[in-house]
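One-letter residues, chain by chain:
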Protein chains: 2
Amino acid sequence: MSAIRERTACRAVTALNRLSSLADLSEASVRLIQDLSDLSSIPAGVELGSEREAALRPRFVLGGWAARVRWLPDGRRQILNFILPGESIGVCERPSPLSLATMVSLTPMQFIDAVPVQRALNSTDPTFADLRDAIHMAASLDEAFLLSQVLRLGRQTAYERLCHLLLELRDRLSMCGLGEETHFPLPLTQETLADATGLSIVHINRVLQQLRREGLVAVHGGRARLLQPELLRTIADYRKPLVSAEAPLRPLF
Amino acid sequence: MSAIRERTACRAVTALNRLSSLADLSEASVRLIQDLSDLSSIPAGVELGSEREAALRPRFVLGGWAARVRWLPDGRRQILNFILPGESIGVCERPSPLSLATMVSLTPMQFIDAVPVQRALNSTDPTFADLRDAIHMAASLDEAFLLSQVLRLGRQTAYERLCHLLLELRDRLSMCGLGEETHFPLPLTQETLADATGLSIVHINRVLQQLRREGLVAVHGGRARLLQPELLRTIADYRKPLVSAEAPLRPLF
DNA sequence: CGATCAGTTGAAGGCTATCAAAGACTGTGG
DNA sequence: CCACAGTCTTTGATAGCCTTCAACTGATCG
């Protein structure tokens, strides 16, 4: 919470918000991110990397939603996870010749090149130790969300899955300053929700109506409102991944 | 394939097999692994780390199977992924205060402490660059398998899921020298298979029988035989994650 | 204003779960 | 060596969640 408040007029606000909620960033780290300048953008529906392709160049998502996706030969599609504003692509990745999925933009997106951040990450410069911590934490969070996705798909009902997913999206968006406890942007079609939860479009529609009837959730016009967040948490057994500042963020050796 | 063949009488054979199939290890790296000596073992059914606990200390699995698991309050259980002989626990992990799941041993297991390897990983010693490559590749593979798990659970039928999982287990086991193209050890109960595939025990039983009737797969006495591996691949749309030696294993900067 | 796309609704059916109980297998102790 | 308990596997019957198919509405757009 130190240096970040001083200059909020930064293009990478979302990313900066997110990282500084993961570790207390120094002035130098904040400035490194603020000085990022190489912007780019794409429309909705673009494939950013095919399955066997080399890793994507590092960048932050400033705005817009994407998804990592896998297809089956007969057209079935599964969304592996979402990529939200403030999150990163190809940052902190292990150098890896195997690209693991295709990325698809679900809305128009804006990026900012993160090569300087990646460079700081690969260095051992103590100036950016906090930044490395934050990015490692972000990667751990990503993994935690992926594991939640497995639990949802494997052992939860359609009803529980949707509640669980909505709570996760709320928490992820609030990390970068988008959305609040009870409402947040949700620029997804029901088809996209279906592909993320492993359900059919029709069933997504019916479960959403049930949630609406029961006064739990209202999804309309690209936004979601959680009317009874606590009840939702119980229904879905949702647990926010703990980002505990107390726990030491240091390697073992 | 260089130094490894010379001394096969090594306790960490499985781990060494696996890593040297991921990168061409130098004499020094091979010796580092061969010199690991701190053995330990546990019986089946032991929980190794609870969900919110700190990361586990680094070690290699020499023998035995484990699973990472999450539970729901009403007793439903989902296996997130399997941990097989030759694979590692807590090696190459980001320093992370969030432990993401509970680990459970499914059979008696033997470990060997991997602290020296972890130390080489955290260093920048060029001697062990190849070893770092191999371990990074192993981590990428783990992620690829996790993504496959999502696809299985979200968009495949019970029949396809089982075929896909069996093919994955075959490939993972063959990497460390256990099992072959058409048969491999499978020390799992049907309940465990059910928890891994998100199905009920009864249904696993019926699908296994169907696969047997059709002459595709025979699972008996802790072993699996794939009678028509090619047909299975087609059914499950299984794709072995490419470990291409050609692709450069170097960071961008 | 036709066309396209997202959302909605109804009916029918299939895949998979649940319940219940009977066989097989394993290891133990007498 | 056998009885026995416990776990794993198998089988049948029933039910239900969710899918598929089909059609209709409403909105957006050139």
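Quick caveat, the model's predicted, so the values are computed rather than measured.

Thresholds, definitions, all that
Residues numbered from 1 in each chain as written. Chains lettered and ligands numbered in written order. Predicted model: local features only at pLDDT ≥ 70, side-chain atom pairs only at ≥ 80, totals over all residues. Heavy atoms only, no water. Pairing = 2+ DSSP bridges. Helix = DSSP H or I, 4+ residues; strand = E, 2+ residues; numbered from the N terminus. Buried < 20%, exposed > 50% of the residue type's maximum accessible area, 1.4 Å probe, protein only. Phe/Tyr/Trp six-rings, centres within 6.5 Å; stacked < 30°, edge-to-face > 60°. Lys NZ or Arg CZ within 6 Å of the ring centre and 35° of its normal. Polar contact = N/O pair within 3.5 Å; in protein donor to acceptor, adjacent residues only side chain to side chain. Contact = heavy atoms within 4.5 Å. Axes fitted to C-alpha atoms, helices over the stretch in contact; angles between N-to-C directions. Near = heavy atom within 4 Å. Nonpolar A, V, L, I, M, F, W, Y, C, P; charged D, E, K, R; others polar. Arc of directions from axis to C-beta.

Undergrad: Help me understand the sheet that holds strand 1 (residues 39-42) of chain B in this model?
TA: Note on sheets: strands pair through backbone hydrogen bonds, and any given pair is parallel or antiparallel. All names here are of chain B. Strand order in this open sheet of four strands is 1-8-3-6, and the pairing throughout is antiparallel. Of all strands in the sheet, those with a lone pairing partner are strand 1 and strand 6 (88-89), marking the two edges. Alignment of strand 3 (residues 59-63) against strand 6, held across two bridges, turns out to be antiparallel. Looking at the pairing, Arg59 lines up with Ile89 of strand 6.

Undergrad: What's the story with unusual backbone geometry in this structure? I'm lost.
TA: What you tend to see is this: most non-glycine residues have negative phi, and most peptide bonds are trans. Residues and elements named next belong to chain A. Phi is positive for Asp237, which is not a glycine, with a value near 50 degrees. With respect to the element layout, Asp237 can be found in the segment after helix 8 (229-236). On the accessibility criterion, Asp237 (15% relative accessible area) is buried.

Undergrad: Help me understand the packing of aromatic side chains, please; the structure alone is not making it clear to me.
TA: The relative placement of two aromatic rings is captured by the distance of their centres and the angle of their planes. Residues and elements named next belong to chain B. According to the stated counting rule, one finds two aromatic pairs over all chains in the structure shown. Where Trp65 meets Phe82, the ring centres are 6.1 Å apart and the plane angle is 65 degrees; that geometry is what we call edge-to-face. Note that Trp65 is positioned in the loop between strand 3 and strand 4 (66-71) and Phe82 in strand 5 (residues 77-83), a separation of 17 residues in sequence. Just as Trp65 is buried, Phe82 falls in that class too. Across the ring face of Phe111, the terminal group of Arg59 is positioned such that the distance to the ring centre comes to 4.4 Å.

Undergrad: Honestly, the side chain of B:Arg152 in this entry has me stumped. Any pointers?
TA: Residue and element names in this part refer to chain B. Structurally, Arg152 is set in helix 4 (residues 129-155). A polar contact is formed between the side chain of Arg152 and the side chain of Glu168, at a distance of 3.0 Å. In this structure Arg152 touches Arg161, His164, Leu165 and Glu168, once residues within four positions along its chain are discounted.

Undergrad: Help me out: how do you make sense of the sheet that holds strand 4 (residues 66-71) of chain A in this one?
TA: All names here are of chain A. Strand order in the open sheet made by the four strands is 2-7-4-5, with antiparallel pairing throughout. Strand pairing shows two members of the sheet lacking a second neighbour, strand 2 (47-49) and strand 5 (77-83), which therefore form its edges. Averaged over all pairs of adjacent strands, the angle between strand axes in this sheet comes to 35 degrees, irrespective of strand direction. As paired elements, strand 4 and strand 7 (residues 102-105) share four bridges and run antiparallel to each other. When the sheet's bridge partners are listed, Val69 is paired in strand 7 with Thr102.

Undergrad: In this structure, what is going on with the protein's contact with DNA strand D? I would like to understand it.
TA: By nearness alone, 14 residues border DNA strand D, and A:Ser200, B:Gln190, B:Asn205, B:Arg206 and B:Gln209 come closest of all. Counting only the atoms of DNA strand D within 4 Å of the protein, the fraction contributed by sugar and phosphate is 60%. Interatomic distance of 2.8 Å between a side-chain N/O atom of A:Ser200 and a phosphate oxygen of DNA strand D. Residue B:Gln190 places a side-chain N or O atom 2.7 Å away from a phosphate oxygen belonging to DNA strand D. Elements supplying a minimum of two residues to the surface near DNA strand D: helix 7 (201-213) of chain A together with helix 7 (201-213) of chain B. If you tally residues by element for the surface near DNA strand D, the top one is helix 7 of chain B, at four residues. Along the lines of polarity and charge, the residues of the surface near DNA strand D split into four nonpolar, eight polar and two charged.

Undergrad: Help me out: how do you make sense of the environment of A:Glu160 in this one?
TA: Inspection of the secondary structure assignment puts A:Glu160 in helix 5 (residues 158-175). For A:Glu160, a relative accessible area of 12% translates into the label buried. A C-alpha to C-alpha distance of 6.3 Å links A:Glu160 and A:Ile235, two positions 75 residues apart in sequence. Residue contacts for A:Glu160: discarding those within four places in its chain leaves A:Arg155, A:Ile235, A:Ala236 and B:Arg76. At a separation of 2.9 Å, a polar atom in the side chain of A:Glu160 contacts the side chain of B:Arg76.

Undergrad: Please explain the protein's contact with DNA strand C as it appears in this structure.
TA: Taken together, 14 residues lie near DNA strand C, and A:Gln190, A:Asn205, A:Arg206, A:Gln209 and B:Ser200 sit nearest. The sugar-phosphate share of atoms of DNA strand C within 4 Å of the protein amounts to 60%. In the environment of DNA strand C, a phosphate oxygen lies 2.7 Å from a nitrogen or oxygen atom belonging to the backbone of A:Gln190. Residue assignment for the surface near DNA strand C shows that the elements contributing at least two residues are helix 7 of chain A together with helix 7 of chain B. Top element by residues in the surface near DNA strand C is helix 7 of chain A. It accounts for four residues. Here the surface near DNA strand C is composed, by residue class, of four nonpolar, eight polar and two charged.

Undergrad: Before we go on, may I ask you to explain helix 8 of chain A in this structure?
TA: Note that an α-helix has 3.6 residues per turn; residues three or four places apart therefore point the same way. Residue and element names in this part refer to chain A. Along helix 8, the positions that sit buried rather than exposed are Pro229, Leu232 and Ala236. The buried side chains of helix 8 occupy one side of the element, clustering within an arc of 55 degrees when seen end-on. Opposite the packed face of helix 8, turned more than 90 degrees from it, sit the exposed residues Glu230 and Thr234. Contact partners of the buried residues in helix 8: helix 5, strand 10 (217-220) and strand 11 (223-226). Following helix 8 by one or two positions, Asp237 adopts a phi angle in the positive range, close to 50 degrees.

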